[in-house]
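# A look at the structure
Okay, here's what each chain looks like letter by letter:
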Amino acid sequence: MKNIIENLRSDLIANADEKSRQAHERFFREEINPYGIKSAVLSNISRSHYKLIADKSKSNIFSLSEELWASGKFEESFIACNWSYNVRKYYEPADFEIFGRWIDNYVSNWASCDTFCNHNVGTFIEMYPEYLDGLKIWATSQKRWVKRAAAVSLIAPARRGKFLKEIFEIADILHSDKDDMVQKGYGWMLKAASKTHEREVFDYVLSKKKTMPRTSLRYAIEKMADELKAKAMEK
């Protein structure tokens, strides 16, 4: 494992670009500790080094992914997401606790949160929907990224019309959160659900509009028909 990580990091350092590093840093309010690598280059590095891993068992890939998460480096978090997603067909119920720990301990910006939750956690939840209750527990966390994770983990399933009841339940839990990252997260979740359940999401938003943060409301109705958006935005 040590050689795999060392070789990967050598490649990341060799491909680092100062302009990209500065651009990454300007894009976030948080400290993200980037190398400064363009996304296409990073994807190629991730794929090429994954191919070199002899032991692609889930346990080994998860160990490598955690090592990358723990570095705190922006690009390494994305490789961790990619590598652990590559073994998604082997996900099992016990992995929910691992995913929750990674979010709790390592996620420190919206991009890492959304990448991991949209793909890895969202896939897990579709495989094991009994863990939707676990997302509701995440929504009660004191940590912003855990709360955002509860919502954005359902983006992909929501677009396919799944889990509407639980989406509304999580939106209820996060309803009055003061953190704009959380407000945007659950607003995005509702917007995704509106793709196949426009009327239901509209009715939900209308019932909450007097107390729903404006940020969440605007996100939720973004893709709705113009007449519904106008009605939702009425004072």
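Our subject is the structure listed above.
Quick look at the structure, then. (Residues numbered from 1 in each chain as written. Predicted model: local features only at pLDDT ≥ 70, side-chain atom pairs only at ≥ 80, totals over all residues. Heavy atoms only, no water.)

Before going further, it helps to examine the overall build of the protein. Each helix and strand counted, the protein has 15 helices and zero strands in total. Whereas a compact globule of 235 residues would reach a radius of gyration of roughly 18 Å, the protein reaches 19 Å, a difference of no more than 12%. Expressed along its principal axes, the backbone C-alpha trace of the protein runs to roughly 60 × 40 × 30 Å. Taken over 235 residues, the protein has a buried fraction of 52%. For the protein, the share of sequence-separated contacts (at least 6 apart) that also reach a separation of at least 24 residues comes to 69%. Carbon and sulfur atoms make up 51% of the accessible area of the protein, which totals about 11500 Å². Computing the positive centroid from 38 side-chain charges and the negative centroid from 33, the protein places the two 5 Å apart. (Helix = DSSP H or I, 4+ residues; strand = E, 2+ residues; numbered from the N terminus. Rg over C-alpha atoms; globule rule 2.2 N^0.38 Å. Buried < 20%, exposed > 50% of the residue type's maximum accessible area, 1.4 Å probe, protein only. Contact = heavy atoms within 4.5 Å. Areas by Shrake-Rupley, 256 points an atom, 1.4 Å probe, with all protein chains shown as cover. Lys, Arg positive; Asp, Glu negative; His and termini not counted. Charge placed at Lys NZ, Arg CZ, Asp CG, Glu CD.)

Further remarks concern the side chain of Lys-73. Within the fold, Lys-73 resides in the loop between helix H4 (58-70) and helix H5 (74-86). No salt bridge is formed by the buried Lys-73. Its closest oppositely charged neighbour is Glu-75, at 5.8 Å. Here Asn-33 takes part through its side chain, which lies 3.5 Å from a polar atom of the side chain of Lys-73. With residues up to four places along the chain from it excluded, the contact list for Lys-73 reads Ile-32, Asn-33, Pro-34 and Tyr-35. (Salt bridge = Lys/Arg side-chain N within 4 Å of Asp/Glu carboxyl O. Polar contact = N/O pair within 3.5 Å; in protein donor to acceptor, adjacent residues only side chain to side chain.)

A full pass over the atoms with the stated rule returns 24 salt bridges. With a shortest N-O distance of 3.5 Å, Asp-203 and Arg-199 are connected by a salt bridge. Of the two residues, Asp-203 and Arg-199 are both situated in helix H13 (residues 198-208); the distance of four residues between them amounts to about one turn of the helix. We classify Asp-203 as partly exposed; its relative accessible area is 39%. Arg-199 gets classed as partly exposed once you look at its relative accessible area, which sits at 49%. One continuous salt-bridge network, built from bridges that share partners, spans Arg-29, Glu-30, Arg-144, Asp-179, Asp-180 and Lys-184.

Turning to the packing of helix H1 (residues 2-14) against H4, a few remarks are in order. It is at 11 Å that the axes of H1 and H4 come closest, and there the two elements cross at 45°. Judged by the inter-axis angle, H1 sits oblique to H4. Read as a crossing pair, H1 and H4 show a hand that is right-handed. Where H1 abuts H4, its residues Ile-4, Ile-5, Leu-8 and Arg-9 lie against Leu-64, Glu-67 and Leu-68. Split into classes, the residues belonging to the contact of H1 with H4 amount to five nonpolar, no polar and two charged. (Axes fitted to C-alpha atoms, helices over the stretch in contact; angles between N-to-C directions. Parallel < 35°, antiparallel > 145°, perpendicular 65-115°, else oblique. Left-handed = near helix turned anticlockwise from the far one by under 90°. Nonpolar A, V, L, I, M, F, W, Y, C, P; charged D, E, K, R; others polar.)

When the terminal C-alpha atoms of H1 are compared, their 18 Å separation across 13 residues agrees well with the 18 Å that a helix rising 1.5 Å per residue should span. Within the span of H1, buried status applies to Ile-5, Leu-8 and Leu-12. Projection of H1 onto a plane perpendicular to its axis shows the buried side chains occupying an angular sector of 65°, all on one side. Those residues of H1 that are exposed and aimed more than 90 degrees away from the buried face are Lys-2, Asn-3, Ile-13 and Ala-14. (Expected span 1.5 Å × (residues − 1). Arc of directions from axis to C-beta.)

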